[in-house]
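Breakdown of the fold
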Amino acid sequence: DLDAKPAQIGSRLITGDKFLDLVLSLLFDSSAVLNLPKLIYTASQGDYALLGARVNERFGYDNTYSDGMQLSTLCADELRFSSTATVAAATTGLPPRLAEYFVADAPSWFDVCEFWGTGSLNELEKAAVTSDIPTLVLVGDFDAATPPEWARSAATTLSKSQVAESTWLSHGLFTSDQLSGRCVSRLVDHFLDAPADKLDMACVKASDALPRGFIAP
C-alpha cells in the first residue's frame, strides 16, 4: 500500500521500502519487537501514530552511530565475500515483494563498498576460527544481523565454547538484560570469574518460558 501511496510523516516520506527498513531495524531491539504486531496493523489501517513515533526515533540523528565504522566492518567482513547474484539466490522462497526489496538494495551496498575501499581479498578471512580458548557465545533468536545459526556455526570450531541462546531476545543480549531478569549479566559474570566452568543455563530457559508480551492491535 505504501508503494502506491507513501505516508507523509513530518518531513519524511515513508514508502514501502522505507517501511521495511524500519521493521528490520526494530528487529535489533528486543523491546521494540514486542510492538511490531501493533505497528504493522495500525499502519495498514492508515493510523500512523505509532509508525511516526518509531520513524522519528529510528531515522533521526544519532551521534552514537558511525556510518564509517559500519562500512569498514560490513565491506571487509561480509560484502567482499558476496555478490549481487548471491543475494538474489538467497531470496529464493521469500514473498516477491520482500525478495524485490533485498535484490534492489544490494547493488548500492556493493557500489559503496567499492568506493570505500577495504583492501585486498584474503581467503584466510573466510576460514572458521579454531580455538580451545574458553568462549561464551550469546545470541537471540530475533537477531536479524547475527542470527543464531551463525552463533551455532561459530561454536562448532571453538572446542571450549558455550552458547546461551534465547528464543525471544534480539541483537546485543546485554541491552536486553532487563527483559531477561539480568540473566545475561549473571552468566557473563560467572564465565569471567571461572571460564572453565560449565554454565547453568536455567535462567535462560526460565526467561524463554516467560510470556512474550507482544502488544496486540
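Structure: see above.
Note that the coordinates shown come from a computational prediction; the quantities given were computed from them, not determined experimentally.

With that settled, consider the side chain of Gln162. Looking at where Gln162 falls in the secondary structure, it is placed in strand E4 (residues 161-166). Of the polar contacts made by the side chain of Gln162, one reaches the backbone nitrogen of Leu199; its length is 2.8 Å. Non-local contacts of Gln162, meaning those with residues more than four positions away in its chain, are made with Thr135, Leu136, Val137, Pro195, Asp197, Lys198, Leu199 and Met201.

Before going further, it helps to spend a moment on the state of the cysteines. Counting across every chain of the model gives two disulfides. Covalent S-S linkage joins Cys75 and Cys113, the inter-sulfur distance amounting to 2.0 Å. Negative torsions about the S-S bond denote left-handed disulfides, and the value of about -80 degrees found for Cys75 with Cys113 makes this one left-handed. Linking Cys75 in helix H5 (residues 67-77) with Cys113 in helix H7 (residues 96-116), this pair joins segments that are 38 residues apart in sequence.

Next up on the list: the packing of aromatic side chains. Per the counting criterion, the structure on display carries two aromatic pairs. Judged by centre distance (5.0 Å) and plane angle (70 degrees), the ring pair of Tyr101 and Phe102 falls under edge-to-face. Its relative accessible area of 7% is what places Tyr101 among the buried residues. Judged by centre distance (6.4 Å) and plane angle (90 degrees), the ring pair of Phe142 and Phe214 falls under edge-to-face. With Phe142 in the loop between strand E3 (135-140) and helix H8 (148-155) and Phe214 in the segment after helix H10 (202-208), this pair connects stretches of sequence that are 72 residues apart. Judged by its relative accessible area of 28%, Phe142 falls in the partly exposed class.

With that out of the way, let us pick up the pairing of E4. Regular strands place side chains that alternate from one sheet face to the opposite one. Along E4, the buried face is formed by Gln162, Ala164 and Ser166; none of Ser161, Val163 and Glu165, which line the opposite face, is buried. Pairing geometry for E3 and E4, over six bridges, is parallel. Looking across to E4, one finds that Val139 is bridged to Glu165. Considered for its hand, the β-α-β crossover made up of E3, H8 and E4 is right-handed.

Let's shift gears to the pattern of salt bridges. Counted under the stated rule, the structure contains four salt bridges. Of the charged contacts, one joins Asp3 and Arg97 as a salt bridge, the two residues approaching to 2.7 Å between their closest N and O atoms. Here the residue Asp3 occupies a position in the segment before strand E1 (7-9), and Arg97 occupies one in helix H7, the gap between them amounting to 94 residues. Here Arg97 falls in the partly exposed class, since its relative accessible area comes to 25%. Between Asp17 and Arg97 there is a salt bridge, with its nearest N and O atoms 2.8 Å apart. Taken together, the residues Asp17 in helix H1 (residues 16-26) and Arg97 in helix H7 connect sequence positions 80 residues apart. Via salt bridges that share partners, Asp3, Asp17 and Arg97 belong to a single interconnected network.

Tracing the backbone shows Thr73 in helix H5. Residues Thr73 and Thr118 lie 45 residues apart in sequence; the distance between their C-alpha atoms is 9.0 Å.

On to the nonpolar core, then. One finds Ile14, Phe19 and Leu51 to be the most contacted residues of the largest nonpolar core, which totals 16 residues. When contributions to this core are tallied by element, the ones reaching two or more residues are E1, H1, helix H2 (30-33), helix H3 (36-44) and helix H4 (49-59). The leading source of residues in this core is H1, at four residues. When neighbours within four sequence positions are excluded, Ile14 is seen to be in contact with Leu2, Pro6, Ala7, Ile9, Phe19 and Val55. Judged by nonpolar contacts, the second largest core, of 15 residues, contains Leu34, Ala164, Val184 and Val188.

Cut-offs used in this document
- Residues numbered from 1 in each chain as written.
- Predicted model: local features only at pLDDT ≥ 70, side-chain atom pairs only at ≥ 80, totals over all residues.
- Heavy atoms only, no water.
- Helix = DSSP H or I, 4+ residues; strand = E, 2+ residues; numbered from the N terminus.
- Polar contact = N/O pair within 3.5 Å; in protein donor to acceptor, adjacent residues only side chain to side chain.
- Contact = heavy atoms within 4.5 Å.
- Disulfide = S-S within 2.5 Å.
- Phe/Tyr/Trp six-rings, centres within 6.5 Å; stacked < 30°, edge-to-face > 60°.
- Buried < 20%, exposed > 50% of the residue type's maximum accessible area, 1.4 Å probe, protein only.
- Pairing = 2+ DSSP bridges.
- Right-handed = clockwise from strand over helix to strand, strands pointing away.
- Salt bridge = Lys/Arg side-chain N within 4 Å of Asp/Glu carboxyl O.
- Core = buried A, V, L, I, M, F, W, Y, C linked by side-chain atoms within 4.5 Å.

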